[in-house]
Amino acid sequence: MITWMQRHKKWLVITIWISTIAFVGAGFVGWGSYDYGSKGGAVAVVADREVSVDEYQREYSNLYEQYARMFGDQFNQEMADKLKLKDAAYRLVIQKNLILAFADELGLDVTNEEIAKELVKIPAFLKDGKFDKDTYIKVLQQNRSNPTEFEASVKRDLLLQKVESLFQIKTSQNELKNLNELLFAEDKVSIKILNANDVKVNISEEELKQYWEENKNSYVSEPTVKLAIEEINVDLKSFSDEELQQHYNNFKTDYVKEDGKIKSFEEAKEDMIQALSEKDTKKDALKKYLKLKKAEENFSKEVEIEESKLAFSEEGIEKINEAVPGDVLKPFVSDGKYLIVKVLNKGLPKPLSYEAAKAEVSKDFENIALGKELENVAKKELENFNGTSLGYVSRNSFDKVPGLQAQEALQFLNQLFASTEKQGQVNLGNKIVLFKIEDTRLGTYDEAKNEAVSSTVDRLLNQELVNNLIKNLQNRYEVQSSITLEE
């Protein structure tokens, strides 16, 4: 998945334009090495516009949320770091400010009335279907913002929209018809599917050892961490309905169901009791923390474990990853109890011996050997191709390719229609699809597909215009930066 995201990162960054609204309810994501200690100050100056740390942080948070929504639980801070999402957010905020500087030059502006019209569209600010000022302020406070900051960000995004609207292109009706027929063109094709499971390879011990020798730096142990741990149990306490109701009135937006809807008082009751009990226990946990930090008391236990097997909350793992040996971490909740952790040592990955790495080495080398053998079989089969005819297929005929899963069929068809050869092969991991195109014809014009064709073509054309605009503005306006990006 990391490979896919790295390949598509530039596309994703360029196409995420209006992101202020995504900020509501998203909160902020940790900053690591880019933590400037406060919201004040500037990370860059673009023409006459200062790019604040707050604006930069919000861009990162929004971008992180975009990926998190796309990939769900698979996406985490480690992946964000590998993708250099902080650098991507910085480039994006600079691009936006280049366009805003251009808007200043054009004399474009946003009125208070236009900002107000945007605010009343945001569901998080509504109460009983109407904009509610108290709800508005409360939601912003929960997201560590305020009306001044938020309305400034809305104004920025409305200005971006105004500039973007100047560069809109629409496809003509005649172009649309031709593209409709071209995009849904059909090929009459024959295929043969070769599967790695049908290929056999014999691998000797000598081959495995040689492969390991050449690649042993890739086979290392996991990093470890040695911790001293103190646990403080959170005992569930009794709270009156009045106390719970008051807490619910103040924090009900913290209690949501999987579909995003706020839980009712009864639905949230158990969670609220846990939260209030944790709040009461926190005082005791902080007292214990101070004693342990001053070495007035000893930790209850010590463990040494691989970092990937840390069974703590996300907050706790993040704190441990950021800590250095000797740090005593403030109490955090994990699995219904407070934990106080001292990081004693961090063990770096070490090269594995051949025996320790053998299982993984065998698996990797077998995949390589099977891939090579499959390629050899494909080459021979292509010399005297004899496939099964699929008849005429289009790019979306994924249900007409027997032997392939829907995703595999889509990948095959996309590469088939991108190919300039009448005969060839498409690699699908552990499968290779041999093909021979026997005939090609334009698709039948389908007016129902016009909207999809138009939106795709318009997006590509407008994106190219915006890209060219940004390149021009980079030469037009001076950018003074306090951050050096990694290449």
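Numbers given for residues are sequential positions, taken from 1 along each chain in its written order. With pLDDT at 70 or above as the cut-off, local features in this predicted model cover only qualifying residues; side-chain atom pairs require 80 or more to be listed or tallied, and sums for whole chains, interfaces and linings still use all residues. No hydrogens and no water enter the side-chain calculation; it runs on all heavy atoms of the structure.

Asker: Would you mind going over the nonpolar core in detail, with residue names and values included?
Answerer: Core analysis: the biggest nonpolar cluster contains 46 residues, and Val43, Phe75, Leu85, Tyr90, Ile94, Phe125 and Phe150 have the highest contact counts within it. Helix numbering and strand numbering both begin at the N terminus, where a helix is a DSSP run of H or I of at least 4 residues and a strand a DSSP run of E of at least 2. When residues of this core are traced back to their parent elements, those giving at least two are β1 (42–46), α3 (53–71), α4 (77–82), α5 (85–106), α6 (112–119), α7 (133–142), α8 (147–165) and α16 (450–476). When residues of this core are assigned to their parent elements, the largest contribution, 12 residues, is made by α5. We define a nonpolar core as any set of buried Ala, Val, Leu, Ile, Met, Phe, Trp, Tyr and Cys residues linked to one another through side-chain atoms lying within 4.5 Å. With a 1.4 Å probe rolled over the protein chains alone, any residue whose accessible area is under 20% of its type maximum counts as buried; one over 50% counts as exposed, and the rest are partly exposed.

Asker: Quick one: what's the story with the environment of Leu428, residue by residue and with numbers?
Answerer: Of note, Leu428 is situated in the loop between β11 (423–427) and β12 (431–441). Classification of Leu428 as buried rests on a relative accessible area of 8%. Measuring from C-alpha to C-alpha, the distance between Leu428 and Glu408 comes to 6.9 Å, with 20 residues separating the pair along the chain. Contact definition: two residues touch when any of their heavy atoms are within 4.5 Å. If sequence neighbours within four positions are ignored, Leu428 has contacts with Leu404, Glu408, Gln411, Phe412 and Val433.

Asker: An account of a positive patch on the surface is needed here, citing residue identities and associated values.
Answerer: Nonpolar side chains (Val, Leu, Ile, Met, Phe, Trp, Tyr) are joined into patches within 5 Å and like charges within 9 Å, using only residues with over 30% relative accessible area and no salt bridge. Using the Shrake-Rupley algorithm and a 1.4 Å probe, accessible areas are obtained, with residue cover drawn only from the displayed protein chains. Note on definitions: salt bridges are taken to be side-chain nitrogens of Lys or Arg within 4 Å of carboxyl oxygens of Asp or Glu. Two residue types count as positive, namely Lys and Arg, and two as negative, namely Asp and Glu; His and chain ends fall outside the count. Here the site of a charge means NZ on Lys, CZ on Arg, CG on Asp, or CD on Glu. The grouping of Lys237, Lys279, Lys283 and Lys287 at the surface amounts to a positive patch. Here Lys237 is to be found in the loop between β6 (224–233) and α11 (241–251).

Asker: Mind laying out unusual backbone geometry, listing which residues take part and the relevant values?
Answerer: Here the phi dihedral of Ala47 falls at roughly 55°; this positive angle occurs in a residue that is not glycine. Within the secondary structure layout, Ala47 lies in the loop between β1 and β2 (49–52). Phi at Ala295 takes a positive value of approximately 65°, unusual for a residue other than glycine. Following the sequence through the fold, Ala295 ends up in the loop between α12 (265–293) and β7 (301–306).

Asker: Just give me the short version of the packing of aromatic side chains, but keep the residues and values in it.
Answerer: Aromatic pairs are defined between Phe, Tyr and Trp rings, using the six-membered ring for Trp, whenever the two ring centres lie within 6.5 Å; interplanar angles under 30 degrees are classed as stacked, those over 60 as edge-to-face, and all others as tilted. A complete count under the given rule lists 11 aromatic pairs for this structure. Taken together, a centroid distance of 4.7 Å and an interplanar angle of 75° make the contact between Phe125 and Tyr136 edge-to-face. Linking Phe125 in the loop between α6 and β3 (126–127) with Tyr136 in helix α7, this pair joins segments that are 11 residues apart in sequence. Taken individually, Phe125 and Tyr136 each receive the classification buried, so the pair is uniform in this respect.

Asker: So, the environment of Asn430: which residues are in play, and what are the values?
Answerer: Along the polypeptide, Asn430 turns up in the loop between β11 and β12. Assessed through its relative accessible area of 37%, Asn430 is described here as partly exposed. If near-sequence neighbours (up to four positions away) are discounted, Asn430 is found in contact with Leu194, Asn195, Ala196 and Leu374.

Asker: So, the packing of α11 against α12: which residues are in play, and what are the values?
Answerer: In this description, a line fitted to the C-alpha atoms serves as the axis of each element, helices being fitted only across the stretch in contact, and the angle between N-to-C directions of two axes falls anywhere from 0 to 180 degrees. Contact geometry of α11 with α12 gives a least axis separation of 10 Å together with a crossing angle of 95°. As summarised for this structure, α11 and α12 are arranged roughly perpendicular, according to the angle between their axes. Across from Asp241, Leu244, Gln245, His247 and Tyr248 in α11, the residues of α12 making contact are Phe265, Ala268, Lys269, Met272, Ile273 and Leu276. Put simply, Ala, Val, Leu, Ile, Met, Phe, Trp, Tyr, Cys and Pro go in the nonpolar bin, Asp, Glu, Lys and Arg in the charged bin, and everything else, Gly too, in the polar bin. Along the lines of polarity and charge, the residues of the contact of α11 with α12 split into seven nonpolar, two polar and two charged. Should an angle fall under 35 degrees it is taken as roughly parallel, and over 145 as roughly antiparallel, whereas 65 to 115 is taken as roughly perpendicular and any remaining angle as oblique.

Asker: How would you summarise the pairing of β11 if you had to cite specific residues and measurements?
Answerer: Only one face of β11 is buried: it carries Gly424 and Val426, and the other face, with Gln423, Gln425 and Asn427, is open. We treat two strands as partners when DSSP finds at least two bridges between them. As paired strands, β11 and β12 are joined by five bridges and run antiparallel to one another. Within β12, the residue paired with Gln423 across the bridge is Lys436.

Asker: A description of the confidence of the model for the protein should follow, citing residues and the corresponding values.
Answerer: Confidence of the prediction at every residue is given by pLDDT, a number between 0 and 100. Residue-level pLDDT values for the protein average 81, and 83% of them are 70 or greater. In the predicted structure, residues 1–40 sits below a pLDDT of 50 and forms 106 contacts with residues beyond four places in sequence or in another chain.

Asker: Residue-level account of α8, with values.
Answerer: Helix length check: α8 (19 residues) gives 27 Å between terminal C-alpha atoms against 27 Å at 1.5 Å per residue, within 8%. Within α8, the full set of buried residues consists of Phe150, Ser153, Val154, Arg156, Asp157, Leu158, Leu159, Leu160 and Val163. Take the number of residues in a helix, subtract one, and multiply by 1.5 Å to get its expected span.

Asker: How would you summarise the sheet that holds strand β9 (residues 337–347) if you had to cite specific residues and measurements?
Answerer: Overall, antiparallel pairing links the four strands, which are arranged β7-β6-β9-β8 in an open sheet. Edge positions in the sheet fall to β7 and β8 (328–334), since each has one partner strand and no second. Across the sheet, the axes of successive neighbouring strands diverge by a mean angle of 35°, strand direction being ignored. Pairing of β6 with β7, which is carried by six bridges, proceeds in the antiparallel orientation. In the sheet register, Ala228 faces β7, and the bridge partner there is Glu302. Lying over the sheet, α12 contacts β6, β8 and β9, oriented at roughly 35° with respect to β9. Relative to β8, helix α13 (residues 314–322) is tilted by about 160°, and along the sheet it contacts β6, β8 and β9.

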